[in-house]
Amino acid sequence: MTTLADLAPLIERQFARFGRETPIDGLLLSRADAPSGLIRSVYRPSFCLVVQGAKVSMIGESAFHYRAGEGLLASLDLPVTARILEASTERPYLALSLALPPAEVTALLSEQADSLSEPASFAALGAGRVDPALYDPLRRLLALLDQPRDRPVLEPLIRREIVWRLLGGPLGVLLRQIGTKDSQAARVARASAFIRNHHAEPLRVADLARLAGMSVPSFHRHFKAVTTLTPVQFQKQIRLQEARRRLLAAEEVASVGYAVGYESPSQFSRDYRRLFGAPPGRDGAAIRARVVPEPALP
């Protein structure tokens, strides 16, 4: 039987080979030797398992703490602030994160609807204990990184098992929300994904409300209740997160602002400094100088 301790050396070894992003789509690895400062990032619909150490992720005033053997599930695209709380050179923070495309969840729900309970009220994030039955498929998914020939055949089967185990576990209620096509959760999730994928374009709340199948006032109310942000504030956070990623790649500040949708360089600089605490040029130089970049996802 696979234990949590069995996953730690696998994450260590694969992180040493690939870093944060692995050849398996949506599978990210995190490792840190010390507690972190604030980490601002945008979580996709995904599941994170902490194998060693502890972390906190925050949306608005709500904080979600999770440590070894516990996980975090994000049910939609969402700007989140996080910190790694426990990590050391002797016992580093180790975690893995797997994207959960809503279509994969919907497919399983449609096949097994009778065996799963109805989703409760919508929540964007949830944290808690993870069913140990998940450890074995996660171990096999990590092992597939050593087996590129087997990956195309076995990866979809293992991912399906992981989604199924999650649906039946303590965090399954959140996952069922995004897999139910006409749920309030799925409607808000469609809008948040659209903003993320079209962040550089002008934002029209009426178009988002139509996409979500809601009136404008209802959409605005539900969107803010879930994300703690208005659609305009949400778009701004997405733009600034993308700008920081581009600055890490040493792109010029002026071109970055225009690329993420800003027409005014001065407004871009003001908004960037307000969120990250330093103007874009100085912050970009500082993050490029770090030997080990901060983990960006759970």
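Residues numbered from 1 in each chain as written. Predicted model: local features only at pLDDT ≥ 70, side-chain atom pairs only at ≥ 80, totals over all residues. Heavy atoms only, no water.

This next bit is on the nonpolar core. Formed by 36 residues in total, the largest nonpolar core has its most connected members in Phe-47, Leu-49, Val-51, Leu-142, Ile-162 and Leu-175. Elements with a minimum of two residues in this core: helix 1 (4-18), strand 1 (27-32), strand 3 (46-52), strand 8 (93-99), helix 2 (102-111), helix 3 (135-143), helix 4 (151-168) and helix 5 (172-179). When residues no more than four places from it in sequence are discounted, the contact partners of Leu-142 are Leu-7, Leu-10, Ile-11, Gln-14, Leu-27, Leu-29 and Leu-96. In this structure, Ala-124, Ala-191, Leu-208 and Val-226 belong to the second largest nonpolar core, which totals 35 residues. (Core = buried A, V, L, I, M, F, W, Y, C linked by side-chain atoms within 4.5 Å. Buried < 20%, exposed > 50% of the residue type's maximum accessible area, 1.4 Å probe, protein only. Helix = DSSP H or I, 4+ residues; strand = E, 2+ residues; numbered from the N terminus. Contact = heavy atoms within 4.5 Å.)

Before going further, it helps to examine a nonpolar patch on the surface. On the surface, Val-153, Leu-154 and Leu-157 cluster together into a nonpolar patch covering about 280 Å² of accessible area. Within the fold, Leu-154 resides in helix 4. (Patch = residues over 30% accessible without salt bridge, like charges linked within 9 Å, V, L, I, M, F, W, Y side chains within 5 Å. Areas by Shrake-Rupley, 256 points an atom, 1.4 Å probe, with all protein chains shown as cover. Salt bridge = Lys/Arg side-chain N within 4 Å of Asp/Glu carboxyl O.)

Helix 8 (residues 216-227) packs onto helix 6 (residues 184-197) with a crossing angle of 85° between their chain directions and a minimal axis gap of 10 Å. Here helix 6 is positioned roughly perpendicular relative to helix 8, judged by the angle of their axes. Contacts between helix 6 and helix 8 pair Gln-184, Val-188, Ala-191, Ser-192 and Ile-195 from the former with Phe-219, His-222, Phe-223 and Val-226 from the latter. When grouped by side-chain class, the residues that make up the contact of helix 6 with helix 8 number six nonpolar, three polar and no charged. (Axes fitted to C-alpha atoms, helices over the stretch in contact; angles between N-to-C directions. Parallel < 35°, antiparallel > 145°, perpendicular 65-115°, else oblique. Nonpolar A, V, L, I, M, F, W, Y, C, P; charged D, E, K, R; others polar.)

What follows is about the pattern of salt bridges. Across all of its chains, the model carries 22 salt bridges by this definition. It is possible to trace a salt-bridge network through shared partners that takes in Asp-136, Arg-139, Arg-140, Glu-161 and Arg-165.

Over its 15 residues, helix 1 extends 21 Å from the first C-alpha to the last, a length consistent with the 21 Å expected when each residue adds 1.5 Å. For helix 1, the complete set of buried residues consists of Leu-4, Leu-7, Ala-8, Leu-10, Ile-11 and Gln-14. At its buried positions, helix 1 is contacted by strand 1, strand 3, strand 8 and helix 3. Backbone geometry just after helix 1 places Gly-19 at a positive phi near 75°. (Expected span 1.5 Å × (residues − 1).)

Quick look at the confidence of the model for the chain now. Averaged over every residue, the pLDDT of the chain is 88; the share at 70 or more is 92%. Across the chain, helix 3 holds the top mean pLDDT of 97, while helix 5 sits lowest at 77. Low pLDDT, under 50, characterises residues 291-298; the predicted model gives this stretch 26 contacts beyond four residues in sequence or across chains. (pLDDT = per-residue confidence, 0-100.)

Another point: the sheet that holds strand 2 (residues 39-43). With respect to topology, four strands assemble into an open sheet ordered 2-7-4-5, the strand pairing being antiparallel. Looking along the sheet, the strands with just one partner apiece sit at the ends: strand 2 and strand 5 (62-67). Strand-to-strand twist across the sheet, computed as the mean angle between neighbouring axes with direction ignored, equals 30°. Bridge count for strand 4 (residues 54-59) against strand 5 is six bridges, and the pairing is antiparallel. Its bridge partner being in strand 5, Val-56 is matched across the sheet by His-65. (Pairing = 2+ DSSP bridges.)

Time to look at the packing of aromatic side chains. Geometrically, a pair of aromatic rings is defined through the distance of the ring centres and the angle of the planes. Here the structure, examined in full by the defined rule, presents five aromatic pairs. Measuring from ring centre to ring centre gives 5.5 Å for Phe-219 and Phe-223, while their planes differ by 45°; the resulting arrangement is tilted. Residue Phe-219 and its partner Phe-223 are located together in helix 8, separated by four residues, close to a single helical turn. What makes Phe-223 buried here is its relative accessible area of 0%. Each ring, one from Tyr-262 and one from Phe-268, has its centre 5.3 Å from the other, and the planes form 55°; the classification is tilted. Like Phe-268, Tyr-262 is buried. Each residue in the set Tyr-262, Phe-268, Tyr-272 and Phe-276 is aromatic and connected to the rest through ring pairs, giving one cluster. (Phe/Tyr/Trp six-rings, centres within 6.5 Å; stacked < 30°, edge-to-face > 60°.)

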